[in-house]
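Below, each chain spelled out in residue letters.
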Amino acid sequence: MATATRLSKLAVAAVATAVGGSILLQPSLSSNDRGTSGHALDSYRNKINDPTAVVPPRSVQESALIGASPVNPLDILVVGGGATGCGVALDAVTRGLRVGLVEREDFSSGTSSRSTKLIHGGVRYLEKAVFNLDYKQLKLVFHALEERKQFIENAPHLCHALPCMTPCFDWFEVIYYWIGLKMYDLVAGRRLLHLSRYYSAQESVELFPTLARNGGGRSLKGTVVYYDGQMNDSRVNVGLACTAALAGAAVLNHAEVVGFLKDDASDRIIGARIRDKLSGREFDTYAKVIVNAAGPFCDSVRKMADKEAVSMICPSSGVHIVLPDYYSPEGMGLIVPKTKDGRVVFMLPWLGRTVAGTTDSNTGITMLPEPHEDEIQFILDAISDYLNVKVRRTDVLSAWSGIRPLAIDPSAQNTESISRDHVVCEDYPGLVTITGGKWTTYRSMAEDAVSAAIKSGKLKPTNECVTDKLQLAGGDGWEPAYFTVLAQQYLRMKKTHNGKVVPGVMDTAAARHLSQAYGVLAERVAAIAQNESLGKRLAHGYPFLEAEVAYCARHEYCESAVDFIARRSRLAFLDTDAANHALPRVIELLAAEHKWDRSRQKQELEKAKKFLETFKSSKNAQFHDGKHN
């Protein structure tokens, strides 16, 4: 009965948006809702999880930003739509503040979509804490474990526990890693995902069939397995943006800050000049505090305020590659804590394929970082030492590079000793900068940034931070078996090339994918697949449906072809060639949603192909001898 009621409400919402019904920006909490954090939390949960709620259209969000004036400013304007920036927007709006956010490209278009996909519990910090007797490192472990637990609970459809296997080729390694991970279990306590354990060589090979029994003249003695979290990073990021929008924040992607507005008397920043990159128009918006959460680009934002600002960022390049699923079994990862040159290498199942990495080297800051061939080859060579299958460059389906915005420690000699912790500072009046840190701790980073902004602007929140108990849109009521609802109650209606509509089953692969990508909101996507005959797959061998393009354009601020293939779906990251083949249909569907003319469609195709060229699969690799400096 509850499912039927939810379905009917979702159907009403889907029809309302499909016919272009007007949607108003969600109002802030009424005075009756204000008071204790508990009451505020309940109120925001109700707003976010209302089955009929939809995010305000982009035009409404832009109008809200334009409407912020010197006499009626926003409380906080966030610059940057990555994990931290969207986390700041969600934290601030759920404290009862007026919030805006602008992102130059798309939500998660930078570092946040190019991560390792792991939600780390800080196991490496524990090793440093023990051997260096470093209490600060131990505090980082406790912090990471607590945030990992909350992360998974707040986005259960997008995150899960993943067992990670470490191969041991002598008995000292077995004892060393087993003791270390048992200490980790003890420290984790109630935050533990699952107990670590030892597997014999025979058990290990049964669990991980491609694992080599011999390597470098040594025989496998066994493996030690512990659990970490894994996520679909850009979909978590988009979920943060949409959840903030449902809570009342005005979030706007493809909107660039081109300058700051300053008060002549106090020289304090009081707003920003924004350029809408889709329309080309510029406008001013005003805020009591600007929060700079621009990741690797935070220094360029700081230098808009002060040309003499000293750089805070030491950019580090992390390269990952994607291989076919047969390299790793479903549900078991492989992590080598120390390779021949001391680096960490891993191989993890992810969305039906295998992701492997990573490198850690100095790099420049660029909008579209590209992996270099020597880095790809390093990963291939490193994992080949631990596998019994031939590791081939031709198997690389996609390869990408991400820039880690490490906060500089003046005494550091290399990127490994630079702090992975975050830094919050206000080195220009009215501009609070948050940088460094990592995906796992995005929520607490956002909390610290908002608290600093409240202090800077003498803001008056109506309640304390509630994001530690707030699930993202689609997460409330979701459970792992939810995909069966989709499989049982929906069809994938498909149009043939001659326009005839034929029914197709909502198979397990498609249903599971929708469930894990959209949570309980997957029913909206399934309804589009069934009612609008958009049930075809976009690429052979992948579960992504045409209906997702329409849904993301209507409900997730998907404004370009790259937005969809890279961040709403993960096709570009999983398989560059498949993404190329899907592009024409993706653009056709987006053109129908956004009323693009032929010129815009051609432009979208060119942009997307140029973007995909930076993903160095075996089919578009550039083999060269250049090193990554």
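Residues numbered from 1 in each chain as written. Predicted model: local features only at pLDDT ≥ 70, side-chain atom pairs only at ≥ 80, totals over all residues. Heavy atoms only, no water.

Participant: Now, about the overall build of the chain: what can you tell me, with residues and values included?
Facilitator: Secondary structure assignment for the chain yields 20 helices and 22 strands. Taking the principal axes of the C-alpha coordinates as reference, the chain spans close to 70 × 65 × 50 Å. Counting across all 629 residues of the chain, residues that qualify as buried make up 58%. Expressed as a percentage of contacts within the chain between residues at least 6 apart in sequence, the contacts between residues at least 24 apart total 73%. Summed over all atoms, the accessible surface of the chain reaches about 25900 Å², with 54% contributed by carbon and sulfur. Side chains of the chain carry 73 positive and 70 negative charges; the gap between the two charge centres is 2 Å. (Helix = DSSP H or I, 4+ residues; strand = E, 2+ residues; numbered from the N terminus. Buried < 20%, exposed > 50% of the residue type's maximum accessible area, 1.4 Å probe, protein only. Contact = heavy atoms within 4.5 Å. Areas by Shrake-Rupley, 256 points an atom, 1.4 Å probe, with all protein chains shown as cover. Lys, Arg positive; Asp, Glu negative; His and termini not counted. Charge placed at Lys NZ, Arg CZ, Asp CG, Glu CD.)

Participant: Lay out the pairing of strand E12 (residues 282–292) in plain terms, naming residues and giving numbers.
Facilitator: Summarising burial for E12: 8 of the 11 residues are buried, a large majority. The pairing of strand E11 (residues 269–276) with E12 spans 5 bridges and is antiparallel. Bridge pairing in E12 links Ala 272 to Thr 285. Linkage of E11 to E12, two consecutive antiparallel strands, is achieved through a turn of 5 residues, within which Gly 280 is found at a positive phi near 85°. Here 3 bridges tie E12 to strand E20 (residues 431–436), and the two strands are oriented parallel to one another. Residue pairing across strands places Ile 290 opposite Leu 431, the latter belonging to E20. (Pairing = 2+ DSSP bridges.)

Participant: Go over helix H19 (residues 576–594) with me, naming the residues and quoting the values.
Facilitator: For H19, built from 19 residues, the straight-helix expectation of 27 Å at 1.5 Å per residue is met to within 8% by its first-to-last C-alpha distance of 25 Å. The largest bend along H19 measures about 45° and falls at Ala 582, with the proline Pro 584 one to four residues further on. On its buried side, H19 packs onto strand E18 (398–407), helix H16 (546–555), helix H17 (561–568), helix H18 (571–574) and helix H20 (598–612). Two or three places before Asp 577, at the opening of H19, Asp 575 has a side-chain oxygen 3.2 Å from that residue's backbone nitrogen. Remark: Lys 595 follows H19 within two positions and exhibits a positive phi of approximately 60°. (Expected span 1.5 Å × (residues − 1). Bend = angle between axes of the 7 residues up to and from the residue. Polar contact = N/O pair within 3.5 Å; in protein donor to acceptor, adjacent residues only side chain to side chain.)

Participant: Quick one: what's the story with the UniProt feature "domain: Alpha-glycerophosphate oxidase C-terminal" (unreviewed entry) in the chain, residue by residue and with numbers?
Facilitator: The residues that UniProt annotates with the feature "domain: Alpha-glycerophosphate oxidase C-terminal" (unreviewed entry) are residues 465–600. In residues 465–600, helix accounts for 53% and strand for 3%; the two terminal C-alpha atoms are 42 Å from one another. (UniProt positions renumbered as here; feature names shortened; annotations may be inferred.)

Participant: Let's hear about the pattern of salt bridges: which residues, and what values?
Facilitator: Enumeration according to the criterion identifies 39 salt bridges in this entry. A salt bridge links Arg 537 to Asp 507; its shortest N-O distance comes to 2.8 Å. In this pair, Arg 537 is assigned in the loop between helix H15 (522–531) and H16 and Asp 507 in the loop between strand E22 (501–502) and helix H14 (508–518), connecting sequence segments 30 residues apart. Two residues, Arg 600 and Glu 604, come together in a salt bridge whose shortest N-O distance is 3.0 Å. Note that Arg 600 and Glu 604 are positioned in helix H20 at a spacing of 4 residues, about one turn of the helix. Owing to a relative accessible area of 4%, Glu 604 belongs among the buried residues under this scheme. Taken together, the salt bridges that share partners define one network made up of Glu 256, Arg 273, Arg 275, Glu 282 and Asp 284. (Salt bridge = Lys/Arg side-chain N within 4 Å of Asp/Glu carboxyl O.)

Participant: Let's hear about the packing of H15 against H16: which residues, and what values?
Facilitator: Remark: H15 packs on H16, axes separated minimally by 8 Å, with the N-to-C direction vectors making an angle of 125°. The angle between the axes of H15 and H16 places the two elements in the oblique class. Like other packed secondary-structure pairs, H15 and H16 cross with a definite hand, here right-handed. Across from Arg 524, Val 525, Ile 528 and Ala 529 in H15, the residues of H16 making contact are Ala 547, Glu 548, Ala 550, Tyr 551, Arg 554 and His 555. Considered class by class, the residues forming the contact of H15 with H16 number 6 nonpolar, 1 polar and 3 charged. (Axes fitted to C-alpha atoms, helices over the stretch in contact; angles between N-to-C directions. Parallel < 35°, antiparallel > 145°, perpendicular 65-115°, else oblique. Left-handed = near helix turned anticlockwise from the far one by under 90°. Nonpolar A, V, L, I, M, F, W, Y, C, P; charged D, E, K, R; others polar.)

Participant: Give a detailed account of the pairing of strand E4 (residues 159–168), specifying residues and quantitative values.
Facilitator: For E4, the buried fraction is high: 8 of the 10 residues fall into the buried class. Sheet analysis places E4 next to strand E14 (residues 333–336), joined by 2 bridges and oriented parallel. Within E14, the position partnered with Cys 164 by the bridge is Gly 333.

Participant: Could you give an account of unusual backbone geometry, with specific residues and numbers?
Facilitator: Geometrically, the link from Gly 357 to Thr 358 is a cis peptide bond, its omega value of 5° lying close to zero. With respect to the helices, strands and loops of the structure, Thr 358 is situated in the loop between strand E16 (353–357) and strand E17 (361–362). The residue Ser 533 is not glycine, and still its phi comes out positive at about 55°. Mapped onto the elements of the fold, Ser 533 is located in the loop between H15 and H16. Even without being glycine, Lys 595 reaches a positive phi, approximately 60°. When you line up the elements, Lys 595 lands in the loop between H19 and H20.

Participant: Tell me about the domain arrangement of the chain, and name the residues and values.
Facilitator: Taken domain by domain, the chain comprises domain 1 (55–96 + 232–250 + 258–312 + 409–475), domain 2 (160–229 + 315–406) and domain 3 (481–614). A separation of 34 Å is found between the C-alpha centroids of domain 1 and domain 2. (Domains from an automatic or database assignment.)

Participant: How would you summarise the packing of H17 against H19 if you had to cite specific residues and measurements?
Facilitator: Each pair of packed helices can be summarised by the angle the axes make with each other and by the distance between the axes. Where H17 meets H19, the closest approach of the two axes is 9 Å, and the angle between their N-to-C directions is 120°. Classified by the angle their axes make, H17 and H19 are oblique. Two packed elements cross with a definite hand, and for H17 against H19 that hand is right-handed. Contact with H17, carried on its side by Ala 561, Phe 564 and Ile 565, involves Leu 583, Val 586, Ile 587 and Leu 590 of H19 and no other residues of that element.

Participant: Give a description of the state of the cysteines that names residues and reports values.
Facilitator: Joining two cysteines, a disulfide is a covalent bond between their sulfur atoms. Applying the stated rule across the entire model yields 0 disulfides. Cys 298 takes part in no disulfide bond, and the closest cysteine sulfur to it belongs to Cys 425, at a distance of 7.9 Å. Look at Cys 298 and you get buried, because its relative accessible area is 0%. (Disulfide = S-S within 2.5 Å.)

Participant: Describe a nonpolar patch on the surface, with residues and values.
Facilitator: On the surface, a cluster of nonpolar side chains totalling about 570 Å² of accessible area is made up of Val 130, Phe 131, Ile 175, Trp 178, Ile 179 and Met 183. Looking at which element gives the most residues to the nonpolar patch, the answer is helix H7 (residues 171–188), with 4 residues. With respect to the helices and strands, the residue Ile 179 is situated in helix H7. (Patch = residues over 30% accessible without salt bridge, like charges linked within 9 Å, V, L, I, M, F, W, Y side chains within 5 Å.)

Participant: Which residues make up the packing of aromatic side chains, and what values go with them?
Facilitator: Summed over the entire model, instances satisfying the criterion amount to 14 aromatic pairs. Ring geometry for Phe 169 against Tyr 386: centres 6.0 Å apart, planes inclined by 50°, an arrangement best described as tilted. Linking Phe 169 in the loop between E4 and H7 with Tyr 386 in the loop between helix H11 (373–384) and E18, this pair joins segments that are 217 residues apart in sequence. One exposure class covers both Phe 169 and Tyr 386, and it is buried. Each ring, one from Tyr 518 and one from Tyr 551, has its centre 5.4 Å from the other, and the planes form 85°; the classification is edge-to-face. On the criterion of sequence distance, the pair formed by Tyr 518 in helix H14 and Tyr 551 in helix H16 is long-range, its members being 33 residues apart. Exposure remark for Tyr 518: the relative accessible area of 2% places this residue in the buried category. Taken together, Trp 400, Phe 573, Phe 611 and Phe 615 form an aromatic cluster joined through their ring pairs. Above the plane of the ring of Tyr 199 lies Arg 197, whose end atom (NZ or CZ) is 4.0 Å from the centre. Cation over ring: Arg 235 sits above Tyr 518, and NZ or CZ is 4.3 Å from the ring centre. (Phe/Tyr/Trp six-rings, centres within 6.5 Å; stacked < 30°, edge-to-face > 60°. Lys NZ or Arg CZ within 6 Å of the ring centre and 35° of its normal.)

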